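# Structure assessment
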Amino acid sequence: MQRMNSRRKSILSAMHIAILAMFLLVSSFALTACGSKTAKNTVFSVDDIPGKTIGVQLGTTGDIYVSDYEEDGSNTKVERFNKGADAVQALKQGKIDAVIIDSQPAQAFVDANNDLTILEEEFVEEDYAMCISKSNSALKNRINEALEYLKAQGTLEAIINNYIGENAGKTPYVSPANVTRNNGTLTVATNAYFSPYEYYEGGSIVGIDMDMCQAIADYLGMDLHIEDMEFDSVITAVQSGKADIGASGMTVTEERLKNIDFTNTYTTASQVIIVRDDNASASGANIGEKFKSDFLTANRYQYILKGLGNTLLITVCAALLGIIIGFIIAVIRSNHDMTGHLKIANFLCNIYLTVIRGTPTMVQLLIIYYIIFGSVNINKIIVAILAFGINSGAYVAEIVRSGIMSIDIGQSEAARSLGLTYRQTMVNVIFPQAVKNVLPALTNEFIVLLKETSISGYIGLTDLTRGGDIIRSITYDAMLPLLGVALIYLVIVMILSTFVKKLERRLRSNERR
Amino acid sequence: MSADNKNTQNDIILEVKNMTKSYDGHVVLNNINTTIRKGEVISIIGPSGCGKSTFLRSLNLLETPTDGQVLFHGTDLTDPTVNINHIREKIGMVFQHFNLFPNMTIKDNLMLAPMKVAQMPKEEASALADSLLKRVGLSDKADTYPNMLSGGQKQRVAIARALAMNPEVMLFDEPTSALDPEMVGEVLSIMKELAQSGMTMIVVTHEMGFAREVSSRCMFFADTIIKEENTPAEIFDNPQTDRLKDFLSKVL
C-alpha cells in the first residue's frame with residue numbers, strides 16, 4: 001500500500017508538470033501568432049466606415065454614433081467592448097477594421113502601439129460633463145457653482161494642461177492646505193481605463209476627471225471617494241445612489257438625459273478613428289521587455305497580488321456560506337422527501353433553487369449590488385461573498401441532497417432504533433457518508449465558484465481577472481497579463497484538486513483492505 | 001422462562017392493541033392484539049408479505065401504525081407527545097442487512113449510542129464495547145471497519161451494538177436471511193445464548209429449527225392477522241389451521 005501511494009504521488013506530479021508544459025506551449029504559439037501579418041487597413045476617412053466592422057467601448061458616445069450606421073442598411077457591424085484596450089487589441093489582430101474612441105485615450109493607445117495611427121479627420125466633436133441623479137438638483141447646483149469657480153480661477157485649465165500637451169506634468173493639482181471637510185463625502189463613479197481622464201497609476205486612480213473632482217470636493221468642503229466600475233455601470237451607480245456623481249469622460253446625449261441629469265460641461269473632446277498603420281514596422285518590444293513593463297515596472301504585479309487576495313477571500317468565504325446554505329437546504333429537502341414533513345420550507349427552498357439555478361451568476365451579482373443593496377453603502381467584497389455564496393448554496397444543496405439520498409435508509413433506521421435523535425443521526429451517521437460520496441462533485445462546484453468570481457469586476461471589485469485587466473489598460477499588452485492570470489487560476493485549481501484527492505483517499509481508507 | 005406462571009401486570013413489556021397498518025388502502029395488518037412479557041422469546045413465522053416485518057417494525061415505531069396502540073410499559077408509542085427516542089433506547093433492534101455504520105470502526109459502532117444517547121463517559125463506553133465484543137467473540141476486530149468483516153461477523157457486531165444500550169427487549173428482523181448458509185450457525189448460537197441469559201426477544205425468522213428449539217412462544221402470521229399462536233411444540237407438531245399446515249409442509 002505504501003509503495004502504491006508513493007507511485008501514485010509521482011504520477012500526479014508528472015501529470016501536473018505535463019499540464020503546465022502544455023499551457024506554456026500554447027502560450028508560445030500565441031507569441032508567434034502575434035508576430036504574423038494582419039490584414040491591410042481599409043479605412044482612410046469617415047466615408048469608409050459604412051460596411052466595415054467598427055470597434056467601440058460599450059455605452060460610449062462612439063457606440064451611440066456608430067450604432068446609427070448599423071441601421072442604415074450599409075451592413076456595418078459594430079463590436080462593443082467593455083474596455084477601449086480590448087477594442088484596440090482586436091484592431092491590432094485584424095478582427096475589426098477601425099476603433100472609434102475619444103481623442104485623448106486614442107493618443108495614448110497609438111503612443112503605446114506603433115503599428116496604429118489616428119486618422120486626421122475627426123469623427124465627431126463632443127462636450128464632457130459629469131452625470132448626476134435627477135433627484136439631486138441641490139448637489140448639481142453646488143457642483144456647477146464649484147465648476148464655474150474652477151474655470152474662473154484657471155484651475156481647470158491647469159489640471160487639463162497637466163495631462164495633455166507639451167507642458168504635461170508641470171502643473172499638478174494640489175489641494176489647498178486649509179480645507180475643512182465637514183460636508184460629508186462626495187462619491188464619484190468612474191471607469192479607470194480611460195487615460196488621461198481616469199486611469200491607474202501606482203495603485204491609485206488619477207487623471208483629469210479625478211483631479212477635477214478633487215478640486216470640486218475641496219471647494220465644497222467634502223471628502224472624495226472614487227469607485228471604479230465598468231463604464232456601462234457608471235450611470236446605474238449614480239441612479240441607484242451608489243455614487244453621487246459620475247465622472248468618466250462622459251458626453252451629454254439625449255438617450256442618457258432620459259435617465260440621468262448632467263452638470264455643466266467642463267471640457268471639449270472629439271471622437272477619432274484609430275486604424276492599423278500599414279507603413280509601420282511591427283511592434284518592436286520583445287517578450288522580456290513586455291514582461292518587465294507588464295509586471296515589474298512601477299510594481300505592477302501588485303495589481304495581480306491584490307486581485308489574487310480578493311479572489312481567494314471571496315472564494316473561500318463564499319464557499320463557506322454556500323456550504324452552510326447548501327446543508328440547511330439539503331436537510332430540509334431530504335427530510336421532506338423521506339417523511340413528507342416541512343411542506344412550506346420545502347416549497348420555499350424549491351423557489352430559491354429554481355431562481356438561483358435559472359439565472360446567470362453575473363445577473364444575480366448585479367441585482368444584489370445595484371437593487372438589493374442599491375441604497376445601502378456596503379463593502380463590495382461582502383456583496384460579492386453574499387452573491388457568490390447564495391449562488392453556490394443552490395448547487396451545494398442539490399449535491400448534498402443527492403449524497404443524503406444515496407445513503408441506504410437502513411443506516412438511519414439503525415441509528416434511530418438505538419435512540420439517536422434525527423439530528424444526531426444526520427451529524428454522526430448520514431453526513432459523514434454523504435459528504436464522502438459527493439466530495440468529487442463538491443470539489444467541482446468550488447472550482448467553478450473560484451473561476452466564477454472573475455466576474456467581480458462588474459461591480460468594480462479588483463479581483464484576479466480585473467487585476468490583469470488594469471495592467472492591460474496601462475501597458476496595452478493583452479497577452480502576458482491574460483496568460484499570467486490564466487496560469488494563476490490553473491495553479492490554484494490544481495492545488496485544490498490535489499488536496500481534495502488526498503482528502504478523498506484518506507476518507508476512503510476504511511474501505512480498502 | 002415461560003411467562004405462564006407469573007401473570008402479574010409488572011411483567012408486561014409490550015402490549016399491542018387493535019393495531020392496523022395499511023399502505024394506500026392496502027391492509028397489511030388487521031386488528032392485531034398481543035402481549036409480550038419479560039423473558040419471553042417469541043418467534044414470528046409466516047409466508048413472505050404477510051406483515052411479519054411490518055409488525056416487528058411497528059413495535060419501535062419504525063413503521064407508524066395506521067390505527068391502534070403499541071404500549072411499552074403502559075406508555076403509548078403512537079402518542080405524538082411521547083419522546084420516542086427515549087423508548088427506542090430500551091428496545092434493541094437487529095436488521096436483516098446488519099446496517100452497521102461503514103464510516104466508523106467496529107468499536108465506534110458500539111460506542112456511538114452509549115456516548116451520544118446515554119451520555120456515557122468515553123472510558124466507560126470503551127470498556128462496555130470491549131466486553132460486548134468479547135461476548136460475541138470479536139475482540140480482535142475492534143479497530144477494523146465493517147466492510148472487512150464477513151456477514152456472520154457483521155451480524156454479531158450488530159447484536160452487540162444493540163446490546164450496548166442495555167435494552168429490555170430485542171427485536172430481530174430476519175437476522176440470518178442475508179447470510180451465507182455456513183454463517184447462520186454462529187449468529188443463531190449468539191442469539192441462543194442471549195435467550196438463555198433471560199433477554200426478552202421477538203424474532204422474525206425463517207429458521208424453523210431455531211423457532212422450535214429456542215422460543216417460548218410462536219406466532220404464525222397469515223392473511224393480515226395472527227393466524228395461530230401457541231408453544232412451538234403445538235405449532236409444529238399439532239397445527240390447527242390449514243394455512244399453517246400448508247406453510248409447514250412447504251418449509252419443513
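A quick note: this is a predicted structure, and the numbers were derived from the prediction, not measured. (Residues numbered from 1 in each chain as written. Chains lettered and ligands numbered in written order. Predicted model: local features only at pLDDT ≥ 70, side-chain atom pairs only at ≥ 80, totals over all residues. Heavy atoms only, no water.)

### Thoughts on the overall build of chain B
- A count of helical and extended segments in chain B gives nine helices and 10 strands.
- For chain B, whose C-alpha radius of gyration is 18 Å, the value lies close to the compact-globule estimate of 18 Å for 252 residues.
- In terms of its C-alpha atoms, chain B occupies a principal-axis envelope of roughly 55 × 45 × 40 Å.
- Within chain B, buried positions represent 56% of all 252 residues.
- When contacts within chain B are restricted to residue pairs at least 6 apart in sequence, those whose partners lie at least 24 apart make up 66%.
- As displayed, chain B offers around 10900 Å² of accessible surface, 46% of which is attributable to carbon and sulfur atoms.
- Charged side chains in chain B number 25 positive and 32 negative. The centres of these two groups are separated by 2 Å. (Helix = DSSP H or I, 4+ residues; strand = E, 2+ residues; numbered from the N terminus. Rg over C-alpha atoms; globule rule 2.2 N^0.38 Å. Buried < 20%, exposed > 50% of the residue type's maximum accessible area, 1.4 Å probe, protein only. Contact = heavy atoms within 4.5 Å. Areas by Shrake-Rupley, 256 points an atom, 1.4 Å probe, with all protein chains shown as cover. Lys, Arg positive; Asp, Glu negative; His and termini not counted. Charge placed at Lys NZ, Arg CZ, Asp CG, Glu CD.)

### Notes on the sheet that holds strand E4 (residues 67–72) of chain B
Residue and element names in this part refer to chain B.
- Within the open sheet, the four strands sit side by side as E2-E1-E4-E5. Their pairing is antiparallel. The open sheet terminates on both sides in strands that have one partner only, identified here as strand E2 (26–37) and strand E5 (75–76).
- Pairing analysis gives five bridges linking strand E1 (residues 12–23) to E4, with the strands arranged antiparallel. Paired with glutamate 15 across the strands is leucine 71, a residue of E4. (Pairing = 2+ DSSP bridges.)

### A look at the packing of aromatic side chains
Residues and elements named next belong to chain A.
- In the structure shown here, the tally under the stated rule is 12 aromatic pairs over all chains.
- Aromatic side chains tyrosine 163 and tyrosine 199 sit 6.5 Å apart centroid to centroid with 90° between the ring planes, which places their arrangement in the edge-to-face category. Of this pair, tyrosine 163 sits in helix H6 (residues 155–163) while tyrosine 199 sits in strand E8 (residues 198–201), placing them 36 residues apart in sequence.
- Through pairs of rings, three or more aromatic residues link up here, namely Tyr128, Phe194, Tyr197 and Tyr266.
- The cationic tip of lysine 83 hangs over the ring face of tyrosine 193; the distance from NZ or CZ to the ring centre is 5.3 Å. (Phe/Tyr/Trp six-rings, centres within 6.5 Å; stacked < 30°, edge-to-face > 60°. Lys NZ or Arg CZ within 6 Å of the ring centre and 35° of its normal.)

### Here's the deal with the domain arrangement of chain A
Residues and elements named next belong to chain A.
- We note that the domain assignment places domain 1 (46–121), domain 2 (126–273) and domain 3 (301–512) within chain A.
- Its C-alpha centre places domain 1 at a distance of 40 Å from the equivalent point of domain 3.
- In this assembly, nine residues from domain 1 lie in contact with seven residues from domain 3.
- Both sides together, the interface formed by domain 1 and domain 3 hides about 660 Å², and carbon and sulfur atoms give 52% of it.
- Linking domain 1 to domain 3 there are two salt bridges.
- Inspection of the region where domain 1 meets domain 3 yields three residue pairs in polar contact (both at pLDDT 80 or more).
- Split by residue class, the side of domain 1 that touches domain 3 holds four nonpolar, three polar and two charged. (Domains from an automatic or database assignment. Buried area = accessible area lost by both parts, 1.4 Å probe. Salt bridge = Lys/Arg side-chain N within 4 Å of Asp/Glu carboxyl O. Polar contact = N/O pair within 3.5 Å; in protein donor to acceptor, adjacent residues only side chain to side chain. Nonpolar A, V, L, I, M, F, W, Y, C, P; charged D, E, K, R; others polar.)

### Focus: the sheet that holds strand E7 (residues 193–194) of chain A
All names here are of chain A.
- Strand order in the open sheet made by the three strands is E7-E8-E9, with antiparallel pairing throughout. The open sheet terminates on both sides in strands that have one partner only, identified here as E7 and strand E9 (204–206).
- Pairing of E7 with E8, which is carried by two bridges, proceeds in the antiparallel orientation. Its bridge partner being in E8, tyrosine 193 is matched across the sheet by tyrosine 199.

### Side note on the interface of chain B and chain A
- Contacts between the two partners involve 25 residues from chain B, matched on the other side by 21 residues from chain A.
- Here chain B and chain A share an interface that buries about 2000 Å² over both sides, 55% of which is from carbon and sulfur atoms.
- At the surface where chain B touches chain A, the tally comes to one salt bridge.
- Summed over the shared surface of chain B and chain A, the number is six residue pairs in polar contact (both at pLDDT 80 or more).
- Counting residues per element, the ones that place at least two in the side of chain B that touches chain A are helix H2 (84–88), strand E6 (91–94), helix H3 (106–116) and helix H5 (151–163) of chain B.
- Among the elements that line the side of chain B that touches chain A, the one with the most residues is H3(B), at three residues.

### Here's the deal with the packing of helix H11 (residues 301–339) of chain A against helix H12 (residues 343–358) of chain A
Residue and element names in this part refer to chain A.
- Viewed as axis vectors pointing N to C, H11 and H12 meet at an angle of 130°, and their least axial separation amounts to 9 Å. One finds that H11 runs oblique with respect to H12. Seen from above, H11 lies across H12 with left-handed handedness. Contact residues: Ile325, Ile329, Ile332, Arg333 and His336 in H11; Lys343, Ala345, Asn346, Cys349, Asn350, Tyr352 and Leu353 in H12.
- Along the lines of polarity and charge, the residues of the contact of H11 with H12 split into seven nonpolar, three polar and two charged. (Axes fitted to C-alpha atoms, helices over the stretch in contact; angles between N-to-C directions. Parallel < 35°, antiparallel > 145°, perpendicular 65-115°, else oblique. Left-handed = near helix turned anticlockwise from the far one by under 90°.)

### Topic: the state of the cysteines
- The final tally for this structure, using the stated rule, is zero disulfides over all chains.
- Its sulfur unpaired, Cys50(B) is 12 Å from the next cysteine sulfur, which belongs to Cys218(B). (Disulfide = S-S within 2.5 Å.)

### Notes on the environment of Arg243(B)
Residues and elements named next belong to chain B.
- One can find arginine 243 in helix H9 (residues 242–251).
- Among the residues examined, arginine 243 registers a relative accessible area of 31% and is labelled partly exposed.
- Taking the C-alpha atoms as reference, arginine 243 lies 8.1 Å from lysine 227; in sequence the two are 16 residues apart.
- Excluding residues that lie within four positions of it along the chain, arginine 243 makes contacts with Pro47, Phe220, Ala222, Asp223 and Lys227.

### Quick look at the environment of Ile407(A)
All names here are of chain A.
- Relative to the helices and strands, isoleucine 407 resides in the loop between helix H14 (380–405) and helix H15 (409–417).
- Relative accessible area serves as the criterion here: at 10%, isoleucine 407 is assigned to the buried category.
- Considering only alpha carbons, one finds isoleucine 407 and phenylalanine 431, 24 residues apart in sequence, at a separation of 9.2 Å.

### Some remarks on the layout of surface pockets
- Space inside the second largest pocket adds up to approximately 800 Å³.
- Lining of the second largest pocket is provided by 23 residues; of these, Met338(A), Thr339(A), Arg416(A), Leu62(B) and Arg88(B) occupy positions nearest its centre.
- Residue assignment for the lining of the second largest pocket shows that the elements contributing at least two residues are H11, H14, H15 and helix H16 (422–452) of chain A together with H2 of chain B.
- The residue inventory of the lining of the second largest pocket, partitioned by class, reads 11 nonpolar, six polar and six charged. (1 Å grid on protein atoms, 1.4 Å probe; cavity = no way out; pocket = protein on both sides within 12 Å on 5 of 7 lines; lining within 4 Å. Points joined across faces, edges and corners; volume = space filled by probe spheres on them.)

### Quick look at H9(B)
Residues and elements named next belong to chain B.
- Turning to H9, its buried residues are Leu244, Phe247 and Leu248. Taken down its axis, H9 places every buried residue within 95° of arc, on the same side. Residues Asp242, Ser249 and Lys250 are exposed on H9 and point more than 90 degrees away from its buried face.
- Those residues of H9 hidden inside the fold are in contact with strand E3 (41–45), helix H7 (208–214), strand E9 (217–222), strand E10 (225–230) and helix H8 (232–237). (Arc of directions from axis to C-beta.)

### Describing the pattern of salt bridges
All names here are of chain A.
- Per the stated rule, a full pass over the model turns up 29 salt bridges over all chains.
- Between arginine 333 and glutamate 398 there is a salt bridge, with the nearest N and O atoms lying 3.4 Å from each other. Residue arginine 333 is found in helix H11, and its partner glutamate 398 is found in helix H14; the two are separated by 65 residues along the sequence.
- A salt bridge links aspartate 337 to arginine 401; the nearest nitrogen and oxygen atoms lie 2.5 Å apart. Here arginine 401 lies in helix H14 and aspartate 337 lies in helix H11, a separation of 64 residues in the sequence.

### Remarks on the nonpolar core
- Leu14(B), Phe55(B), Leu59(B), Ile202(B) and Phe221(B) are the most contacted members of the largest nonpolar core, which totals 87 residues.
- In terms of residues, this core owes the most to one element, H14(A), which gives 10 residues.
- Looking at which domains feed residues into this core, each of domain 2 (126–273) and domain 3 (301–512) of chain A gives three or more.
- Discounting chain neighbours no more than four positions away, the residues touching Ile202(B) are Leu14(B), Ile36(B), Ile42(B), Ile44(B), Leu56(B), Leu59(B), Val169(B), Met170(B), Leu171(B) and Phe172(B).
- Among the nonpolar cores identified, the runner-up in size contains 50 residues, and Ile159(A), Ile216(A), Ile447(A) and Leu480(A) belong to it. (Core = buried A, V, L, I, M, F, W, Y, C linked by side-chain atoms within 4.5 Å.)

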